[in-house]
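What follows is each chain in one-letter form.
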Amino acid sequence: QVQLVESGGGLVQPGGSLRLSCTASGTSIFNYFNVDWYRQAPGKVREWVARISTGGKINYVDSVKGRFTVSRDNAKNTAALQMNSLIPEDTAVYYCHGTVGTQEYWGQGTQVTVSS
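One structure accompanies this document, and this report is about it. Just so we're clear, the structure is a prediction, and the values are computed from it rather than from any experiment. Throughout this description, residue numbers start from 1 for each chain and increase along the sequence as written. Since the coordinates come from a predicted model, pLDDT governs what is reported: local features require at least 70, and pairs of side-chain atoms require 80 or more to be given and counted, while whole-chain, interface and lining totals use all residues. As a convention, hydrogens and water are excluded, and side-chain values are obtained from all of the structure's heavy atoms.

1. Quick look at the pattern of salt bridges
In a structure, side chains of opposite charge can pair up when their charged atoms sit close to one another.
For step 1, the next point in the chain: Whenever a carboxyl oxygen of Asp or Glu lies within 4 Å of a side-chain nitrogen of Lys or Arg, that contact is scored as a salt bridge. Taken as a whole, this structure holds 5 salt bridges when the rule is applied.
For step 2, the next point in the chain: In this structure, Arg51 engages Asp36 in a salt bridge whose closest nitrogen and oxygen atoms are separated by 3.0 Å. One end of the pair, Arg51, is in strand 5 (residues 47–52); the other, Asp36, is in strand 4 (residues 34–40), and 15 residues separate them in sequence.
For step 3, the next point in the chain: Burial status follows relative accessibility: with a 1.4 Å probe on protein chains alone, a residue under 20% of its type maximum counts as buried, one over 50% as exposed, and anything between as partly exposed. Given the relative accessible area of 27%, Arg51 is considered partly exposed.
For step 4, the next point in the chain: For Asp36, a relative accessible area of 4% puts it in the buried group.
For step 5, the next point in the chain: One salt bridge in this structure joins Arg39 and Asp90, with 2.9 Å as the shortest N-O distance. Taken together, the residues span a long stretch of sequence, with Arg39 in strand 4 and Asp90 in the loop between strand 8 (78–83) and strand 9 (92–100) at a distance of 51 residues.
For step 6, the next point in the chain: The buried category is assigned to Arg39, whose relative accessible area is 6%.
For step 7, the next point in the chain: Overall, the relative accessible area of 1% leaves Asp90 in the buried class. Secondary structure follows DSSP: runs of H or I at least 4 residues long count as helices, runs of E at least 2 residues long count as strands, and numbering of each begins at the N terminus.

This is the structure we're talking about:
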């Protein structure tokens with residue numbers, strides 16, 4: 001059974017940084033997964049944030065370009081979201097989402113709060 005587990009969330013002041021990790025278990029083909037990061041702020045719909053494809057192609061939503069960096073380490077079955085220059089509007093629960101073929105998997109989410 002494939003599971004995705006996020007970690008690394010927390011409380012940070014505006015301008016600070018956090019690094020989120022997404023670790024996959026129960027699969028030996030993580031290198032074939034497309035990995036997306038989503039976030040959901042209170043009272044808002046879930047928003048797509050970034051993608052790193054199985055081939056390493058990377059895309060970001062405009063609001064995080066230049067501040068967030070997505071990466072992956074297939075040997076460790078992990079993906080990461082480095083978040084710099086955080087602003088209060090980045091406050092949300094962040095989710096890792098993996099797709100391979102017709103299968104998709106969500107992590108449980110990790111809370112990121114940006115506040116002084």
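The structure having been displayed, the exposition proceeds.
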